[in-house]
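For reference, the chains in residue letters:
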Amino acid sequence: MVNGAIFAANNVEKALGRGYEGLCSKVTEIFDVMKKMWGPEYIDAVIEKEKLSDMVNSSALENRIYALQRIVLKEDTYVDDPIYVLDKIEKKLANIIAKKQIESKLQKEVEKILDEKQDKLLDELRLSILKKQRGPENSKTFKKLANLQKMDTIKLSKSIMEHLRPSTIEEIIGQKNAIAAILSKLASPYPQHIILYGPPGVGKTTTARLALSLAKSLKASPFNDDAAFIETDGTTLRWDKGDATNPLIGSVHDPIYQGSKKDLAEMGIPEPKTGLVTDAHGGVLFIDEIGEIDPILQNKLLKVLEDKRVDFSSSYYDPDDENVPAYIKKLFNEGAPADFILIGATTRQPKDINPALRSRCAEVFFEPLTKKDVEAIVLNAAKKLKITMDALVPKLISEYTIEGRKAVSILADVYGNVIYKKGLKNIHLTTEDVYEVAALSRLVPFNKQINTEDVVVGKVNGLGVSGFLGSILEIEAVAFKREKEGGKGSGTIRFNDTAGSMTKDSVFNAASVIRMVTGIEISDFDVHVNVVGGGNVDGPSAGAAITIAVLSAVTKKPIKQNIAITGEISLLGHIKPVGGIIEKIYGAVQVGITKIIIPYENKKDVPCNISDIEIIAVRNINQILDIVF
Ligand SMILES: Nc1ncnc2c1ncn2[C@@H]1O[C@H](COP(=O)(O)OP(=O)(O)OP(=O)(O)O)[C@@H](O)[C@H]1O
Ligand SMILES: [Mg+2]
C-alpha cells in the first residue's frame, strides 16, 4: 500500500461533518497515551522503522489514523471506516493498559512478599550454598564420628582371643595335610575356590586367613598386597527374595523405598548397593558355614562365581536421565566387579553340600584335633600370654574339649580368674585353677577315658560317627542258658528298641555267624544286647563288634578293653567296609584306645600320619577272635 493515498474518497472531514473535531482530538490523545505507555523514544523508533513520519505529521486526519492503525493494530489495510478503526485501536490499547496494570500489581505483590520474607529466603539460600561447599558433614555429624572412633579404641574380651589367634602358619597345630592342600590351591598363579570340611574350632578360618597373607607374599600369586579377606557367616546372612536387601550379592534401593539417599530419592533415581562379593574383589571371600546359606542365594552366588560380576537392574532406572550420577550409570550398565576366590567352611558332610557348589570348588578336609594337639595349642597360647603353669594344665584342659578354640578360651578364662584373685604379677596357673573354672563354667570332660587295662566278658568298644566326630559305642551283651521253661531251642534275642533296623539285622547276623564259627546253638540262650547311652544307632557298621560281644557273653571269654572294632559282618563271617574311618580313629585315640580293628578294604582310608594307635585290618571274624580274646 502506498502512503498518502489511503482513503479513496479522501474526505473524512466531509463525511463526518461536525464530528471531525472530536475525532482529531481523539487521535492526538491516542498518540499521547501511546507515548506515555511505551515511552516517546520507542514510539519514535517505530515510526521511523515503519517509515510513518509523513503520515503521523500529515494534516489529514485519515493519514494519522492510518499511522495509528499500523502502529497499534499492525494492520496495513485500507481504512474505510475511521470511527470503527479508532474504536478497535482504543480497545486494543485498553487491553494492553489493563494487562500492564495487572502485571504491575502482581509485581508489587511479589515485591511485598519478597520484602516480608527476604530474610528467610536469604537464609535458606545461604544454607544451601554452605551445604554444597561443605559436603554432608556438620558439627553434629563430626561429633558422632568422633564418638564412634573413640569406641573403636576400646576393646574387651574379644581382644584376648585375637591376641591368641595364630599369627603364622607354623602356629597352626595338627593340620599339616589341610595346610599343604590349601596353600597349593591358593598360593598358585591360578588359585582355586575351596570348601573346607571339618569339626568346629580346629583352625579352618585361621588357616584360610594366613594362607591368603602367605599367597600375597609370593611373586606368582595374582593376589595384590591389598587383597581383602572378607569374612561372613552363612548362618547369619539375611536377604529377602525381592532383593531389596542382599548384603552378600548386592541390591538396588528403589528411590521410593526408604534407604535410598535423600537427594537421589527426590529425583527418583535408584541406587545399587554393592555386596560382600564386590568388597572381596581381588581377594578372598570366606563364608563360614557355607552349607547353611539359603539354596536360592547359593545359586545367585554361583552365578557371580561364573560371571565375576554382579548385574543390577531396576524399573526406576532411566539411562537418559541427566541427573543420574556417573557411578550409578556405570553400575547399571556394566555391573559391579566381583572377581574373588571363594573359601567356604562347613561342619557338614560333603554329601550335604550343594553339588553345583562342590563341583566348582576344590575340597580340603580338616582333621579333628588329638589331645596332644590341644595340649600344644594351650602351651603356645600360654607362651603368648607370657605366663607359667603347672605341667599338667594343658593335659587337663585337653580333657574338657577337642576344639582348639574352646581350649584357648578355657585357658583365657583360667587366666582371667587368676588375675582377678591374685593380681597381674608373676601369673602362674595351677591345676586347681583349671578345676575351679571348670566347675564355675560347668565343664565336663569331653570323653571319659577308658580303662584300657581291663578285660571284660560281654563288653566291646564299637565306634560311631556323628558329624565329623567319632566316638566310642559301648556294646554289652549277656547270655543266659535256657534250661527250664520250654528248654533248649526256644531262646530269645533282645536289642535296643530304638536302634535302626540295619543294626537290628546285625544282631541276627551275629547269631548265625556265631553258630557257624563256633558250633554253639545260639537259640539255647536268652541273649540281650545293649548299646550304652542311647540305642538309636543305625547302620550295619557295629556288626562285627556286636558279634564279638555276643560270642564273649555266650562263651564267657573276657575281651581286652584297649581294643575298638568297626566293620559290618556278613552272614559268612566276612568283615565288610564301613564309612567314617578317620573320624572313628580320632574318636578312639581321644579315649585312650590303643588298637583298632577295621575292615581290610578300609585300609586305604587310614591317614598316613597316624602314630598314637595300632590299626589292624581284617578280612574275617576268625582274625578278630585271635586279637580280642
Ligand atoms: N589347629 C589349631 N592350631 C592352633 N590354634 C587353633 C587351631 N584350631 C583352633 N585354634 C584356636 O582357635 C581359634 C579359632 O579357630 P578358627 O576360627 O580358625 O576355627 P574354625 O575351624 O574356623 O572354627 P568354626 O568351624 O567354628 O568356624 C583360633 O584363633 C586359635 O586360637
Ligand atoms: Mg571359622
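In this text, all values refer to a predicted model and were calculated from it rather than measured experimentally.

Calculation rules
- Residues numbered from 1 in each chain as written.
- Chains lettered and ligands numbered in written order.
- Predicted model: local features only at pLDDT ≥ 70, side-chain atom pairs only at ≥ 80, totals over all residues.
- Helix = DSSP H or I, 4+ residues; strand = E, 2+ residues; numbered from the N terminus.
- Rg over C-alpha atoms; globule rule 2.2 N^0.38 Å.
- Buried ≥ 20, exposed ≤ 12 C-beta atoms within 10 Å, placed from the backbone.
- Contact = placed C-beta atoms within 7 Å.
- Pairing = 2+ DSSP bridges.
- Core = buried A, V, L, I, M, F, W, Y, C linked by C-beta atoms within 7 Å.
- Domains from an automatic or database assignment.
- Near = placed C-beta within 6 Å.
- Nonpolar A, V, L, I, M, F, W, Y, C, P; charged D, E, K, R; others polar.
- pLDDT = per-residue confidence, 0-100.
- Axes fitted to C-alpha atoms, helices over the stretch in contact; angles between N-to-C directions.
- Parallel < 35°, antiparallel > 145°, perpendicular 65-115°, else oblique.
- Left-handed = near helix turned anticlockwise from the far one by under 90°.

The next thing to look at is the overall build of the protein. For the protein, the count of helices and strands is 23 helices and 22 strands. Taking 629 residues into account, the globule formula puts the C-alpha radius of gyration at 25 Å, and the protein, at 48 Å, lies well above it. Across its three principal directions, the C-alpha atoms of the protein cover 165 × 65 × 55 Å. Per-residue burial for the protein yields a buried fraction of 34% across its 629 residues. Nonlocal contacts in the protein, meaning residues at least 24 apart in sequence, comprise 73% of its contacts between residues at least 6 apart.

Our focus in this paragraph is the pairing of strand E21 (residues 595-599). In terms of burial, E21 is largely enclosed, as four of its five residues are buried. Bridge analysis of strand E18 (residues 563-565) against E21 gives three bridges, and the strand direction is parallel. Counted as the bridge partner of Ala564 is Ile596 from E21. Here E21 pairs with strand E22 (residues 614-618) via five bridges, running parallel. Note that in E22 the partner of Pro599 across the bridge is Val618.

This next bit is on the nonpolar core. The biggest cluster of nonpolar side chains holds 75 residues, and the ones touching the most others in it are Val277 and Leu411. Among the elements that line this core, the one with the most residues is helix H18 (residues 404-422), at seven residues. Looking at which domains feed residues into this core, each of domain 2 (175-365) and domain 3 (371-440) gives three or more. Excluding residues within four positions of it along the chain, Leu411 makes contact with Val378, Ala381, Ala382 and Ile397. Core analysis: the next-biggest nonpolar cluster, separate from the first, contains 49 residues, Ile559, Ala564, Ile565 and Ile624 among them.

This next bit is on the sheet that holds strand E16 (residues 525-531). As summarised here, the arrangement of the seven strands in space is E15-E16-E14-E13-E18-E21-E22, forming an open sheet in which the pairing is mixed. Among the strands making up the open sheet, the edge pair consists of strand E15 (493-494) and E22.

Take the environment of Ile522 next. Position of Ile522 relative to the elements: it lies in the loop between helix H20 (501-518) and E16. For the pair Ile522 and Gly587, spaced 65 residues apart in the sequence, the C-alpha separation amounts to 33 Å.

Another point: the site of ligand 1. Taken together, 22 residues form the shell around ligand 1, and within it Gly203, Lys204, Thr205, Thr206 and Gly404 come nearest. Counting residues per element, the ones that place at least two in the shell around ligand 1 are helix H10 (204-217) and H18. Residues belonging to the shell around ligand 1 are distributed by class as follows: nine nonpolar, eight polar and five charged. Counting only domains with at least three residues in the shell around ligand 1, you end up with domain 2 (175-365) and domain 3 (371-440).

Taken over all residues, the pLDDT of the protein has a mean of 86, while the share at 70 or more is 91%. Contacts from residues 1-10, a stretch scored under 50 in pLDDT, to residues over four places away or in other chains number 13 contacts.

At Lys51, a residue that is not glycine, the phi angle is positive and equals roughly 55°. Take Lys51: it is sitting in the loop between helix H3 (40-49) and helix H4 (53-57). With a phi close to 60°, Lys308 is a non-glycine residue in the positive phi region. Tracing the sequence through the fold places Lys308 in the loop between helix H13 (295-307) and strand E6 (309-310). Looking at Lys308, the number of C-beta atoms within 10 Å reads 13, which means it is partly exposed.

Running from N to C, H20 and helix H21 (residues 543-555) cross one another at 55°; their axes reach a closest spacing of 9 Å. If you check the angle between H20 and H21, you find them oblique. Two packed elements cross with a definite hand, and for H20 against H21 that hand is right-handed. Across the interface between the two elements, Ser506, Val507, Asn509, Ala510, Ala511, Val513, Ile514 and Thr518 of H20 pack against Gly543, Ile546, Thr547, Val550, Leu551 and Val554 of H21. Residues of the contact of H20 with H21, tallied by class, amount to nine nonpolar, five polar and no charged.

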